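Spelled out from the first residue to the last, the chains are:
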Amino acid sequence: MANIETSDAEKAAFFYGEMLGLDLLMDHGWLRTYGSAETMRVQVSFASEGGSGTPVPDLSIEVDDVEAALARFKAAGIPVEYGPVSEPWGVRRFYVRDPFGKLVNILQHE
């Protein structure tokens, strides 16, 4: 679980809820948690680069359809900072920044 500080949780609702399709799992007013019912292993990565010479992303989110996600971001006018590209390690991905300045790696395993 990642924790990102913000004074404007509505920006999270748009980016993580509407753009990425994550569900609002918990809302305490001061803390909102977005997620999915999918069961995933906990992973924490430590890197000197993001691969292919890119900066290290703050978050990586795997989606079922990276092209559909890309289309949503483009339609919303959110700039793509890298990609889309199929990487030699078997993922197709692109980078965008969330409303809080975090670099987010949106990916799908190929």
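What you are looking at is a predicted structure, and each value in this text was computed from that prediction instead of being measured.

Undergrad: Before we move on, could you go through a negative patch on the surface and cite the residues and values that matter?
TA: On the surface, a cluster of negative charge is made up of Glu38, Glu62, Asp64 and Asp65. Looking at aspartate 64, the relative accessible area reads 76%, which means it is exposed.

Undergrad: Could you give an account of the side chain of threonine 33, with specific residues and numbers?
TA: For threonine 33, the position within the fold is in strand 2 (residues 32-35). Leaving out residues up to four positions away in the same chain, threonine 33 has contacts with Met1, Asp23, Leu24, Leu25 and Met26.

Undergrad: Please provide a residue-by-residue account of the pattern of salt bridges, values included.
TA: Per the counting criterion, the structure on display carries five salt bridges. Among the ionic pairs, arginine 97 bridges to glutamate 81, the shortest N-O distance being 3.0 Å. Placement of the pair is arginine 97 in strand 5 (residues 91-97) and glutamate 81 in strand 4 (residues 80-86), with a sequence separation of 16 residues. Accessibility expressed as a relative area gives 46% for glutamate 81, which makes it partly exposed. Taking the shortest distance from any N to any O, the salt bridge between arginine 93 and glutamate 87 comes out at 2.9 Å. With a relative accessible area of 6%, glutamate 87 lands in the buried category.

Undergrad: Tell me about helix 2 (residues 66-75), residues and numbers included.
TA: Within helix 2, burial applies to Val66, Ala69, Leu70 and Phe73. Viewed end-on, helix 2 has its buried residues packed into an arc of 100 degrees, placing them on one side of the element. Among the residues of helix 2, the N-terminal cap falls to aspartate 65, whose side-chain oxygen and the backbone nitrogen of glutamate 67 are separated by 3.1 Å. Backbone geometry just downstream of helix 2 places glycine 77 in the positive-phi region, at approximately 75 degrees.

Undergrad: Hey, could you go over the UniProt feature "domain: VOC" (unreviewed entry) in the protein chain for me, with residue numbers and the actual values?
TA: Annotation from UniProt places "domain: VOC" (unreviewed entry) at residues 1-109. Between the end C-alpha atoms of residues 1-109 there is a gap of 21 Å, over a span that is 19% helix and 31% strand.

Undergrad: How would you summarise the environment of tyrosine 34 if you had to cite specific residues and measurements?
TA: On the secondary structure map, tyrosine 34 appears in strand 2. Along the backbone, tyrosine 34 and lysine 102 are 68 residues apart, and their C-alpha atoms lie at a distance of 16 Å. Setting aside its immediate chain neighbours within four residues, tyrosine 34 contacts Ala12, Ala13, Tyr16, Gly17, Leu22, Asp23, Leu24 and Leu25.

Undergrad: How would you summarise the nonpolar core if you had to cite specific residues and measurements?
TA: Counting 19 residues, the largest nonpolar core has Tyr16 and Ile106 as its most contacted members. Among the secondary structure elements, those contributing two or more residues to this core are helix 1 (9-19), strand 3 (59-62), helix 2, strand 5 and strand 6 (103-109). Among the elements that take part in this core, helix 1 stands out by supplying five residues, more than any other. Discounting chain neighbours no more than four positions away, the residues touching tyrosine 16 are Ile4, Gly21, Leu22, Tyr34, Leu59, Ile61, Asp98, Phe100 and Val104.

Rules of the game
Residue numbers here run from 1 along each chain, matching the order of that chain's written sequence. Local features in this predicted model are restricted to residues of pLDDT 70 or higher, and side-chain atom pairs are both shown and tallied only at a pLDDT of 80 or more, whereas totals for entire chains, interfaces and linings draw on every residue. Think of the side-chain values as coming from all heavy atoms in the structure, minus any hydrogens and water. Grouping into patches uses exposed residues only, defined as over 30% relative accessible area, and leaves out salt-bridged ones; the cut-off is 9 Å for like charges and 5 Å for nonpolar side chains (Val, Leu, Ile, Met, Phe, Trp, Tyr). For every accessible area listed, the method is Shrake-Rupley and the probe measures 1.4 Å; residues are considered covered only by the protein chains on display. Salt bridges, as used here, are contacts in which a Lys or Arg side-chain nitrogen is within 4 Å of a carboxyl oxygen on Asp or Glu. We score Asp and Glu as negative and Lys and Arg as positive, and we do not count His or the chain ends. Here the site of a charge means NZ on Lys, CZ on Arg, CG on Asp, or CD on Glu. Relative accessibility under 20% of the residue-type maximum defines a buried residue, over 50% an exposed one, and the middle range a partly exposed one, all with a 1.4 Å probe and only protein chains included. We count a stretch as a helix when DSSP gives it H or I for four or more residues in a row; a strand needs E for two or more, and each element gets its number in order from the N terminus. Here a residue-residue contact requires only that any non-hydrogen atoms of the pair lie within 4.5 Å. This arc corresponds to the set of directions leading from the helix axis out to the C-beta atoms. As used in this structure description, the phrase polar contact means that two N or O atoms lie within 3.5 Å; if the pair is within protein, one of them must be able to donate a hydrogen and the other to accept it, and residues adjacent in sequence are counted only when both atoms belong to side chains. UniProt positions are given in the numbering used here, feature names are shortened, and annotations may be inferred rather than shown by experiment. Nonpolar cores were defined as sets of buried Ala, Val, Leu, Ile, Met, Phe, Trp, Tyr and Cys residues, with membership established by side-chain atoms within 4.5 Å.

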